[in-house]
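An overview of the molecular structure
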There are 2 protein chains.
Amino acid sequence: MTGESFDRLFINARIAAMTADVKPYGALQSSALAVKSGKIVWIGDPDDSPAKEATGPATEVIDLEGRWMTPGLIDCHTHLVFAGNRAEEFEMGLKGASYAEIAKAGGGILSTVRKTRAASEQELIRESQSRLQAMMDAGVTTVEIKSGYGLDLETEIKMLEVAKHLGEMNPVRVQKSFLGAHALPPEFAGDADGYMSKVVHEMLPTIHALGLIDAVDAFCDTIGFTAEQVRELFKATQKLKLPIKLHAEQLSNQHGAEMAAHFKALSADHLEYLDEDGIKAMAKYGTVAVLLPGAFYFLRETQKPPLDLLRKYNVPIALATDCNPGSSPVTSPQLIMNMAAIFFRMTPEEALAGFTRNAAKALGLDAEIGTLETGKRADLAIWNIDHPAELTHMIGANPIHMRHFG
Amino acid sequence: MTGESFDRLFINARIAAMTADVKPYGALQSSALAVKSGKIVWIGDPDDSPAKEATGPATEVIDLEGRWMTPGLIDCHTHLVFAGNRAEEFEMGLKGASYAEIAKAGGGILSTVRKTRAASEQELIRESQSRLQAMMDAGVTTVEIKSGYGLDLETEIKMLEVAKHLGEMNPVRVQKSFLGAHALPPEFAGDADGYMSKVVHEMLPTIHALGLIDAVDAFCDTIGFTAEQVRELFKATQKLKLPIKLHAEQLSNQHGAEMAAHFKALSADHLEYLDEDGIKAMAKYGTVAVLLPGAFYFLRETQKPPLDLLRKYNVPIALATDCNPGSSPVTSPQLIMNMAAIFFRMTPEEALAGFTRNAAKALGLDAEIGTLETGKRADLAIWNIDHPAELTHMIGANPIHMRHFG
C-alpha cells in the first residue's frame, strides 16, 4: 500500500483471481481492486478504510456492475509473426491434392519461410498486427511470439525485431522466443547437423547479443531435429543463462520433454505422445505442459496428451493458440479453451488456468502476472458473463467488456 | 435497370457471386455492383455506360480497394432465442457428473425450457440480441430462428414474437420456424402422442393465425418424436401450405429425411445417420441437406454425414451454426465453415456455398438472396482477405470489413 491515492479503482467486480487455492477459479469475496502505476496495489471492499483513504480526486473509479474480472489472458505459445497465409494449400488438400502435390506447388512451411524472408519489416508488422489485435480484443495482455520462419540470421532477427516492435506499439507484453531450430532451411537440405551448428554457433550468440531473446525453443520430432541435436542447442543456451522451451512429442515420442526437463525447461509443448517418464521428469524440474488443441484439431490428430497422468503428477498445464499459418491458424484463446474441454476433457477452470496462472509459469513470469494478487501487474480482463465456465462454453461470440494492461 | 440513379455503387470489388457456375466461388470479372432500393440492380465495370449514366450526385460511391465481396451470410438453422445458458452443466459434465446427475440438478433442455418460460419478452430480446449481434458482426444478413423452448402455446408464441422483433430491430432478415415438436414438455411426460396432438390441433393453427410461422420444423429421433408422429404434424402443415423442415437422422436413422422429402421439405438437418434411400428422396424432391458441424463437435459424434453420397446425388448442402445453449453454443459461421472442412472434408467453396446459395434454398428464399445477381436483395459481406478460402481457413479473427443489408 502506498500512501498516495490509487490511479484506478474497480468496484462491483466478481473477481476470479485464479490463484491455486481451494476456491473454484480462486474466486474472492472482495469486490474491489485498485491499480497504481500499473500494479495491483489493493484488493478488498469499497467500504474498507484503505479504499476510502486512497481514493482521491485523481482516482478513476470504474463500476463493473457485477461483471467478472479475471487475469488478462496469456497466450504462451504463438508463431504470430509471419507473412502470407496458407489458405490456398488448405483448399488444395481439401480438394484431394496429396502432400507431395502441395509441396510441389510451393506449399508447406517453406512457403511461409519464403514469404517471410521476402517481406519487409513494415509488411510483417502490418500483417501480424491484425492477428495481435484479434488476440487483444479477446482479452490477451501477454503473448509469446517465436521466430522460426526465417531460418537464416537476417530473417530470424527481423522476426524478433517485429515481435519487439509489436510489443512497443501495443498495450500488450510480448515475450520473444528464438526458434531458429524450427525446420531445416532449403540451403541445408540433408544437413541438419550443419544447420544446427549454425544455429548454435552463429545465430544464437549473435541474436542474443542484440537483446532479442527471452527464451530459446526448438522443434524436436521426426520432421524436426533429433533430441541429440537439440541437446547441443540447449547446452549453449544454458551457458547464456537463457530459459528453454521445446516443441516435444507432437508426432511421436522422441523423449524430448524429458531431455528438456533436465535442462529445467520452462515448458514442453504439444505432448500428445508424452510418456510417464517424461511426465515424471517435468514434475521433478518444474516444466510446464503447454497443450495446443488447435494443432490437434487442424491436423486431425487422434492421440491425446496424457491429461490424467499430468494431473496425477501435478504438472501445471497451460494452453495456447499456437497461432501459425499451417497447423493452427487460430487467434482465439476462448476457442482453444473450448477445444481443450471438448477434445481433452479439461474443465473450464483448468482451461482458464491454462491461459492465466499456468501460462505465466510457462513464460517464467509467474511472479509478475497470471493471477490477481497485490504486487502483480494490473493485467485484467472484464467479461460480460454470469459464470466463469461460460468462457469455455460459448464459442464465436466475444464476451469481453474491457481489458486493462498494467 | 432503372432510369434513376443508383443509391449506392461499390467499386474495386473482387466479387464472389457464389452462383453455381463453373468459376470457383462464382467469381466475376466485373468489379462494380450497384444498389437501388435495397436490390442489386447492376453488376459491371465502372467504365461501362450504365455506371456512368446512373451514378448521380445522390449515389454513394464506396471504394472497396480490391476487397472480396460475397453474398451476406445466411444462417439457416438456429435456436438463437433462449434464456440462460448451460455453461454450468457443461462444467459439471467435464468434472465427471453423469447425465442422470446433471438431469437431477435441473440440467438438460428442460432447464432451458424452464428459463425461457420464466423470462419476459424483454429479457429474451436482450439475451438473444447479443447472440444476433455477434452473428451480424460476422457477416450474417439472414438468420432462421426456431421456437421450441416453450413447448406450451404461450411461450412458443413469445419466442416467435421475440424472433420477429429482433428482425424489426436489426438490419437482418429473420425467418421464423415453429418447432413446437422439439421435445416432450414435462406436462406430457410419457404421452408424446398427446403432446403431438396439442401441437397439431392447437398450437400450429393458433400460431399460424398470428402470422408468426414461416416454416414448421420438428425433431425426429429416438429422444424426440417418431416419424409417424411427425407425419401427422406435416400433414396438417401441408394443409396450411407452410414449408417444412426436419431435424433428422442426428442420433440414429429414423428415415425422417425420406419422409420429410416426400412432403417436399425445404430441408432435412443434421443427417449424420442418413442412408442412400434418404438421399435419393431428398434429391428427387429438392430437399436441402443442412449439416451442423457445431453439434457434431460438441456432442463428440463420430458418425459423419454421408458427404460423398450427397455430392453424388447433387443434393445441395447447406451449413448452419445450430446456435443453441446445449449442443452448439456457437455464433460464428466462419468457425462452422472451418469445422465442416476439418471434420467433413468439405472444401472452402462448398462451405461458403453452405452459408450462401444453399442456405437460401434451405429457407425457400433462393429467388431473393444467396447469390450476387441483379434483381436479388443487396445483402453483401465485404472481407479483408486475399482469397475466399481464407474465410474457411482462419478461425478466431473476424475479417469482415463491412456488411450491407438490402
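Parameters and conventions
- Residues numbered from 1 in each chain as written.
- Chains lettered and ligands numbered in written order.
- Predicted model: local features only at pLDDT ≥ 70, side-chain atom pairs only at ≥ 80, totals over all residues.
- Heavy atoms only, no water.
- Helix = DSSP H or I, 4+ residues; strand = E, 2+ residues; numbered from the N terminus.
- Buried < 20%, exposed > 50% of the residue type's maximum accessible area, 1.4 Å probe, protein only.
- Areas by Shrake-Rupley, 256 points an atom, 1.4 Å probe, with all protein chains shown as cover.
- Lys, Arg positive; Asp, Glu negative; His and termini not counted.
- Charge placed at Lys NZ, Arg CZ, Asp CG, Glu CD.
- Contact = heavy atoms within 4.5 Å.
- Buried area = accessible area lost by both parts, 1.4 Å probe.
- Polar contact = N/O pair within 3.5 Å; in protein donor to acceptor, adjacent residues only side chain to side chain.
- Expected span 1.5 Å × (residues − 1).
- Bend = angle between axes of the 7 residues up to and from the residue.
- Axes fitted to C-alpha atoms, helices over the stretch in contact; angles between N-to-C directions.
- Parallel < 35°, antiparallel > 145°, perpendicular 65-115°, else oblique.
- Left-handed = near helix turned anticlockwise from the far one by under 90°.
- Salt bridge = Lys/Arg side-chain N within 4 Å of Asp/Glu carboxyl O.
- Domains from an automatic or database assignment.
- Nonpolar A, V, L, I, M, F, W, Y, C, P; charged D, E, K, R; others polar.
- Least-squares fit on C-alpha atoms with pLDDT ≥ 70 in both.
- Pairing = 2+ DSSP bridges.
- Core = buried A, V, L, I, M, F, W, Y, C linked by side-chain atoms within 4.5 Å.
- Phe/Tyr/Trp six-rings, centres within 6.5 Å; stacked < 30°, edge-to-face > 60°.
- Lys NZ or Arg CZ within 6 Å of the ring centre and 35° of its normal.

Here we look at the overall build of chain A
Scanning chain A from N- to C-terminus turns up 16 helices and 16 strands. Considering only C-alpha atoms, chain A reaches an extent of 70 × 45 × 45 Å along its principal axes. Relative to its 406 residues, chain A shows a buried fraction of 61%. When the accessible surface of chain A is summed, it comes to about 14700 Å², and 50% of that surface belongs to carbon and sulfur atoms. Charge separation in chain A, taken as the distance between the mean sites of 39 positive and 52 negative side-chain charges, equals 1 Å.

Section: the interface of chain B and chain A
In this complex, chain B contributes 41 residues to the contact, which on the side of chain A involves 41 residues. Summing both sides of the interface, chain B and chain A together bury roughly 3600 Å²; the carbon and sulfur share of this comes to 67%. Three residues stand out in chain B for area buried against chain A, namely Leu94, Tyr297 and His393 of chain B, and they jointly supply 19% of the buried area on that side. For the pair chain B and chain A, the interface holds 14 residue pairs in polar contact (both at pLDDT 80 or more).

Regarding helix H5 (residues 121-137) of chain B
Residues and elements named next belong to chain B. The end-to-end C-alpha distance of H5 is 24 Å, a good match for the 24 Å that 17 residues give at a rise of 1.5 Å each. Where H5 bends most, at Gln129, the angle is about 30°. Taken residue by residue, H5 has Leu124, Ile125, Ser128, Gln129, Arg131, Leu132, Ala134, Met135 and Met136 as its buried positions. Considering only its buried residues, H5 is in contact with strand S7 (73-75), helix H4 (109-118), strand S8 (140-146), helix H6 (153-169) and strand S16 (400-404).

Concerning helix H5 (residues 121-137) of chain A
Turning to H5 of chain A, the residues buried within the fold contact strand S7 (73-75), helix H4 (109-118), strand S8 (140-146), helix H6 (153-169) and strand S16 (400-404) of chain A. Just downstream of H5 of chain A, Gly139 of chain A is the residue with a positive phi angle, here 105°.

Some points on the packing of H5 of chain B against H6 of chain B
Residues and elements named next belong to chain B. One way to put it is that H5 packs onto H6 with a least axis distance of 10 Å and a crossing angle of 55°. In this view, H5 runs oblique relative to H6, as classed from their interaxial angle. The crossing of H5 and H6 is right-handed. Listed contacts from H6 to Glu121, Leu124, Ile125, Ser128, Gln129 and Leu132 of H5 are Lys158, Glu161, Val162, His165, Leu166 and Met169.

Description of the pattern of salt bridges
Residues and elements named next belong to chain A. A full pass over the atoms with the stated rule returns 37 salt bridges over all chains. With its nearest N and O atoms 3.2 Å apart, the salt bridge here joins Lys198 to Glu202. One end of the pair, Lys198, and the other, Glu202, are both in helix H7 (residues 192-209), four residues apart, so they sit about a helical turn from each other. Each of Glu4, Asp7 and Lys36 takes part in a single network of salt bridges with overlapping partners.

Regarding unusual backbone geometry
With phi around 50°, Ser37 of chain A is a residue other than glycine that occupies positive phi space. Summarising the element assignment, Ser37 of chain A is placed in the loop between strand S3 (32-36) and strand S4 (39-44). Even without glycine at this site, His255 of chain B takes up a positive phi of about 60°. With respect to the element layout, His255 of chain B can be found in the loop between strand S11 (245-248) and helix H9 (256-262).

What to know about the domain arrangement of chain A
Residues and elements named next belong to chain A. Domain assignment breaks chain A into domain 1 (8-72 + 371-404) and domain 2 (73-362). Relative placement of domain 1 and domain 2: their C-alpha centres are 31 Å apart. Of the residues lining the interface, 28 residues belong to domain 1; the matching set on domain 2 comes to 25 residues. In this assembly, domain 1 packs against domain 2 so that about 1900 Å² is buried in total across both faces, 56% of it on carbon and sulfur atoms. In terms of surface lost to domain 2, no three residues of domain 1 exceed Met18, Thr392 and Arg403, which account for 34% of the buried area on that side. Counting the contacts that link domain 1 with domain 2 gives one salt bridge. A salt bridge links Asp379 to Arg173; its shortest N-O distance comes to 2.4 Å. Counting across the interface, domain 1 meets domain 2 through twelve residue pairs in polar contact (both at pLDDT 80 or more). Of all the secondary-structure elements, those providing two or more residues to the side of domain 1 that touches domain 2 are strand S6 (68-71), strand S15 (380-383), helix H16 (390-393) and S16. Looking at which element gives the most residues to the side of domain 1 that touches domain 2, the answer is H16, with four residues. Residue composition of the side of domain 1 that touches domain 2, grouped by class: 15 nonpolar, eight polar and five charged.

Re the relation of the copies chain B and chain A
Between the two copies of this chain, the relationship is a rotation about some axis together with a displacement along it. Each copy of the sequence occupies a distinct position, and chain B is placed on chain A by a rotation of 180° and an axial shift of 0.0 Å, giving an RMSD of 0.0 Å. Expressed as a symmetry operation, the mapping of one chain copy onto the other fits a two-fold axis. For chain B, the residue whose C-alpha comes nearest the rotation axis is Gly396 of chain B, separated from it by 3.7 Å. The share of interface residues of chain B whose copies in chain A are also at the interface is 100%, consistent with both copies meeting through the same surface.

Observations concerning the environment of Val35 of chain A
Residue and element names in this part refer to chain A. For Val35, the location among the structural elements is in strand S3. Take Val35: its relative accessible area is 1%, and that puts it in the buried class. C-alpha of Val35 to C-alpha of Leu291: the two residues are 256 residues apart in sequence and 32 Å apart in space. Those residues within four positions of Val35 in sequence are excluded, and the remaining contacts are Phe6, Asp7, Arg8, Phe10, Val41, Ala378 and His404.

Description of the sheet that holds S8 of chain B
All names here are of chain B. The parallel open sheet is built from eight strands, whose spatial order is S7-S8-S9-S10-S11-S12-S13-S14. Only two strands of the sheet have a single partner each, and these edge strands are S7 and strand S14 (317-319). Mean inter-strand twist for the sheet, computed between neighbouring axes without regard to direction, equals 25°. The pairing of S7 with S8 spans three bridges and is parallel. Within S8, the residue paired with Leu73 across the bridge is Val140. Those strands touched by helix H7 (residues 192-209) are strand S9 (173-181) and strand S10 (215-220), and its axis lies near 150° from that of S9. Across the sheet, helix H8 (residues 227-239) touches S9, S10 and S11, and the angle it forms with S10 is around 175°.

Points about the nonpolar core
Core analysis: the biggest nonpolar cluster contains 208 residues, and Leu233 and Phe234 of chain A together with Leu233 and Phe234 of chain B have the highest contact counts within it. Discounting chain neighbours no more than four positions away, the residues touching Phe234 of chain B are Val216, Ala218, Ile244, Lys245, Leu246, Met259, Ala260 and Phe263 of chain B.

Brief notes about the packing of H7 of chain B against H8 of chain B
All names here are of chain B. It is the contact of H7 with H8, at a shortest axis distance of 10 Å, that shows an interaxial angle of 10°. As the angle between them shows, H7 and H8 are arranged roughly parallel. From H7, Ala192, Asp193, Met196, Val199, Val200 and Leu204 reach across to H8, where they touch Gln229, Val230, Glu232, Leu233, Ala236 and Thr237. Of the residues contributing to the contact of H7 with H8, the split by class is eight nonpolar, two polar and two charged.

Observations regarding the packing of aromatic side chains
Taken as a whole, this structure holds 22 aromatic pairs over all chains when the rule is applied. With 5.5 Å between their ring centres and 70° between their planes, Phe343 of chain A and Tyr297 of chain B make a pair best called edge-to-face. With Phe343 of chain A in helix H13 (residues 333-344) and Tyr297 of chain B in helix H11 (residues 293-298), the pair connects residues from two separate chains. In terms of burial, Phe343 of chain A and Tyr297 of chain B fall into one category: buried. Relative to Tyr149 of chain B, the ring of Phe82 of chain B has its centre 6.3 Å away and its plane inclined at 80°; by these criteria the two rings are edge-to-face. Pair noted here: Phe82 of chain B is in the loop between S7 and helix H2 (87-94) and Tyr149 of chain B is in the loop between S8 and H6, with a separation of 67 residues, a long-range link. Of the two residues, Phe82 of chain B and Tyr149 of chain B, neither departs from the other in class, the shared state being buried. Clustering of aromatic rings is evident, with ring pairs tying together Phe90, Phe296, Tyr297, Phe298, Phe343 and Phe344 of chain A together with Phe90, Phe296, Tyr297, Phe298, Phe343 and Phe344 of chain B. Above the plane of the ring of Phe82 of chain A lies Arg131 of chain A, whose end atom (NZ or CZ) is 3.5 Å from the centre.

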